[in-house]
Amino acid sequence: MLSKSKYCAFSQCPKRLWLQAYRPELSEDNAALDARMEAGNEVGDLARGLFGEFTEVTARKEDGRLDLSRMIARTRQLVSENHPVICEAAFSYEGNYCAVDILRRENGGYAIYEVKSATHEAEIYGVDIAYQKYVLEHCGISVTSTYLVCINSDYVRGEELDIQQLFKIVDMSDWVTLESPLVPGKIKHAGEILARKEEPTLDIAERCEEPYHCPFWGYCARHLPEHSVFDLYRLPRKKKFDFYRRGIISYADALAVPSLSDKQLRQIQFRLSDCGTFIDKGAFGIF
Ligand code: SF4
C-alpha cells in the first residue's frame, strides 16, 4: 500500500522509496527521526483542540500496529453521519492509503487540515496534501479546501498555553493545485518502483538534501572518500554537487580549484598535512 509518507519519499527520490521498502536497515539517524516524529505527534494532539469537539478514528491491533481496516470502516460511518470534525480520518483507494490529521465538515464537503511542527508552508506539504486530496476524492469525498496547521513563531507563551495563538492556519490551495496533476502519474511510477526487486540506479544529487536530508545518504554516498568536497566549510550545496559531477571530489582534487575561500583552503591543508586543530588566536585575543 502507498501512504502519504511513502508518496513524499518517492517525490524526493524513487530510490529512497525503494530503500525504505527493501533495505530499511540502511537508514541512518533513526533516533533523530523518532524524536521528530514524537514532537510531531505532540503538536498533532494539541492542534486537535483548535476545532472544538472531535471524533478520533485511530484504532490499533493487539500487537500495537494501526488497524487500518477498522479505521477506514469507522471513518466511512462517521462521514455518512456528517460528523463535523474527524481526526486521523482514514481512506483507501486502489492501494493508496491516507489518514487525514483533521477533517472538518464545511460547505457540503470536507476541508483537509494537515498538521506540521514547522513554522511555515513548504512545497513538500503541498505534495503531501495533494496526495490526500486525490485519495479522498476517489473515495467520494468532496474536498472543499486544504490547509496547513503549523506553528506561529511570533507567539510568546504566557502562563497558560493559548493554542489559538500557538498555531497558524495556512491556505495550501495554490501548492495543492500545482501538485494535483502530477499525482496519478507519480502513484503509477511509485508502484512500478515498489514492484521491482533490483535497486534503482540513481546517483547522489541535490535532491538528497531537498526537502530533507535523506536518511540513506550514508549508504548512497559510501563511495565518497572520508574527507570530500561535501565536508567543506560554507560551500553552497549547488557548488558541492557541481564539483562532484566534474570529478572534483577529494580534498586533493579540490586544491586545484581557484575559487575556494581562505578558510576552505586552510581546512583542506590542515587535513592533508595532518596539522591538528587550527586555532584562530587573533579571534581569542591571544598573540
Ligand atoms: S541519498 Fe539521495 S540518492 Fe540515495 S535514496 Fe536518498 S535521495 Fe535518493
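Cut-off values and rules
Residues numbered from 1 in each chain as written. Predicted model: local features only at pLDDT ≥ 70, side-chain atom pairs only at ≥ 80, totals over all residues. Near = placed C-beta within 6 Å. Helix = DSSP H or I, 4+ residues; strand = E, 2+ residues; numbered from the N terminus. Domains from an automatic or database assignment. Core = buried A, V, L, I, M, F, W, Y, C linked by C-beta atoms within 7 Å. Buried ≥ 20, exposed ≤ 12 C-beta atoms within 10 Å, placed from the backbone. Contact = placed C-beta atoms within 7 Å.

## Concerning the site of the ligand
As a matter of local geometry, the ligand sits amid 13 residues, with Cys13, Arg16, Cys208, Cys214 and Cys220 nearest to it. Elements supplying a minimum of two residues to the shell around the ligand: helix H2 (14-22) and helix H9 (217-220). Considering each element in turn, the shell around the ligand owes the most residues, three residues, to H2.

## Notes on the domain arrangement of the chain
What the domain assignment reports for the chain is domain 1 (4-195) and domain 2 (224-272). Just the C-alpha atoms count here: the centres of domain 1 and domain 2 sit 40 Å apart.

## Points about the nonpolar core
Counting residues in hydrophobic clusters, the biggest one holds 47 residues, and the most contacted among them are Ala89, Ile102 and Tyr131. A per-element tally of this core places helix H5 (residues 123-138) first, with eight residues. Sequence-distant contacts of tyrosine 131, that is, excluding residues within four places in its chain, are made with Lys4, Tyr7, Cys98 and Val183.

## Overview of unusual backbone geometry
At the junction of glutamate 210 and proline 211, the peptide bond is cis and its omega measures out at 5° in the coordinates. You can see proline 211 is positioned in the loop between helix H8 (183-195) and H9. The backbone of glutamate 88 sits at a positive phi, close to 60°, despite the residue not being glycine. Counting through the fold element by element, glutamate 88 comes out in strand E2 (residues 85-93). One non-glycine residue with positive phi stands out, namely asparagine 107, at about 50°. Relative to the elements of secondary structure, asparagine 107 occurs in the loop between strand E3 (96-106) and strand E4 (109-115). Using a count of 9 C-beta atoms within 10 Å as the deciding quantity, one classes asparagine 107 as exposed.

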